[in-house]
Amino acid sequence: MSDPTLDIVAIGNAIVDVIAQADDAFIATEGLTKGSMQLLFSTEEAEALYAKMGQAVETSGGSAANTIAGIAALGGKTGFIGQVAKDQLGHVFEHDIKTLGVEYTTPAREGEPATARCLILVTPDGERTMNTFLGASQFLPATALDHELIEKSAILYLEGYLWDPEEPRAAMDKAIDLAKSAGRRVAFTLSDTFCVDRHRDGFLELLENGRIDILFANEDEIKSLQETEDFDEAVARTAAKTPLLVVTRSEKGAIAVKDGETYKVAAEPIDRVVDATGAGDQFAAGFLKGQAEGRSIADSLTMGAMCAAEVIQHVGPRPESGLRQSIDARLG
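Residues numbered from 1 in each chain as written. Predicted model: local features only at pLDDT ≥ 70, side-chain atom pairs only at ≥ 80, totals over all residues. Heavy atoms only, no water.

Quick look at the layout of surface pockets
Part 1: As a volume, the second largest pocket reaches approximately 160 Å³.
Part 2: Surrounding the second largest pocket, 13 residues form its lining, Thr59, Val315, Gly316, Pro317 and Arg318 being those nearest its centre.
Part 3: For the lining of the second largest pocket, the secondary structure elements donating two or more residues are β2 (15-21) and β4 (56-61).
Part 4: Here the lining of the second largest pocket takes three residues from β4, the largest share from any one element.
Part 5: The residue makeup of the lining of the second largest pocket, split by class, is five nonpolar, five polar and three charged. (1 Å grid on protein atoms, 1.4 Å probe; cavity = no way out; pocket = protein on both sides within 12 Å on 5 of 7 lines; lining within 4 Å. Points joined across faces, edges and corners; volume = space filled by probe spheres on them. Helix = DSSP H or I, 4+ residues; strand = E, 2+ residues; numbered from the N terminus. Nonpolar A, V, L, I, M, F, W, Y, C, P; charged D, E, K, R; others polar.)

Next up, the structure:
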């Protein structure tokens, strides 16, 4: 068995974030609910709103892609697998994620639907109104998996959001087989309570069958998974089924449970929360990078907390500069 040459490869929704300024009148005219997130269900609907937006910043996005971007910013060697269409925004996603130093080889998909995009309208008061079209990202086939990319990565990281559609679910199942056969660890994030509510039995089956080595959840997701309001009970039940459980608790910090031992980290002190988007994604980035570096559970938790604290103090779901230096100064 060869040593891994990448730290983490992730599979997730390949989404382009399109961020533009808009006034309240535009939000009202388009019939949008200010500050909310809504799904767009057709290419035509997504294209119509996209065409009306003003000058925009377009970057690769999606939960697992944001985690991978965070790991790359920490100096990690990373890869990403996710489906785009052969269109303008597909080229944007591919170009942007590669400029971060991320290995990305997934072939673009011909025809409809178009590349997934999150159309984000920012009003003068800082409110973000998000309109998400999942498009091509929901059609990742097992045949698009880069076997070599998976087999040479120390950790495979899977996004729960992508467990919903059948085709990428089968692809992720195949990816787990590839990673396990290569002796690699598999990490999985529950992503959202609605994912847990829809796929509780499937997620529990993954744990029961020993398919997941590292499980990420937040407080609401872990309670939903075990169908209890008792946090400690939910953690105990889940920790009994996975080698390493990591649960974030917002301002209460985070915990990890490994081999019956519980580790805790407090939330990092900050001046104020500017934008909570991406906090969980960047916590996972810090923790996974710590694990890839061979650090202790306690230090990995600290790295996760530092990454989460950094990202919520500015607009956008990805880290800005200086985080690696801060971590090294703190942990060595």
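Topic: the state of the cysteines
Part 1: In this structure the tally under the stated criterion is zero disulfides.
Part 2: In this structure cysteine 118 is a free cysteine whose sulfur lies 15 Å from that of cysteine 195, the closest cysteine sulfur available.
Part 3: The exposure class assigned to cysteine 118 is buried, which follows from its relative accessible area of 8%. (Disulfide = S-S within 2.5 Å. Buried < 20%, exposed > 50% of the residue type's maximum accessible area, 1.4 Å probe, protein only.)

Comments concerning the packing of aromatic side chains
Part 1: For the structure on display, the rule yields nine aromatic pairs.
Part 2: When the ring of tyrosine 161 is compared with that of phenylalanine 194, the centres are 6.1 Å apart and the planes differ by 35°; the resulting orientation is tilted. Separated by 33 residues along the polypeptide, tyrosine 161 in the loop between β9 (153-159) and α6 (166-181) and phenylalanine 194 in helix α7 (residues 193-208) bring together distant segments of the chain.
Part 3: The interplanar angle of 65° and the centroid separation of 5.2 Å between the aromatic rings of phenylalanine 188 and phenylalanine 203 together place this pair among those described as edge-to-face. One end of the pair, phenylalanine 188, is in strand β10 (residues 185-189); the other, phenylalanine 203, is in helix α7, and 15 residues separate them in sequence. With respect to class, phenylalanine 188 is no different from phenylalanine 203; both count as buried. (Phe/Tyr/Trp six-rings, centres within 6.5 Å; stacked < 30°, edge-to-face > 60°.)

Observations concerning unusual backbone geometry
Part 1: Of the consecutive residues glutamate 112 and proline 113, the connecting peptide bond is found in the cis state with omega at -5°.
Part 2: Among the structural elements, proline 113 can be located in the loop between β6 (103-104) and β7 (116-122).
Part 3: Backbone geometry places glutamate 227, a non-glycine residue, at a positive phi of 50°.
Part 4: In this structure, glutamate 227 sits in the loop between α8 (219-226) and α9 (231-239).

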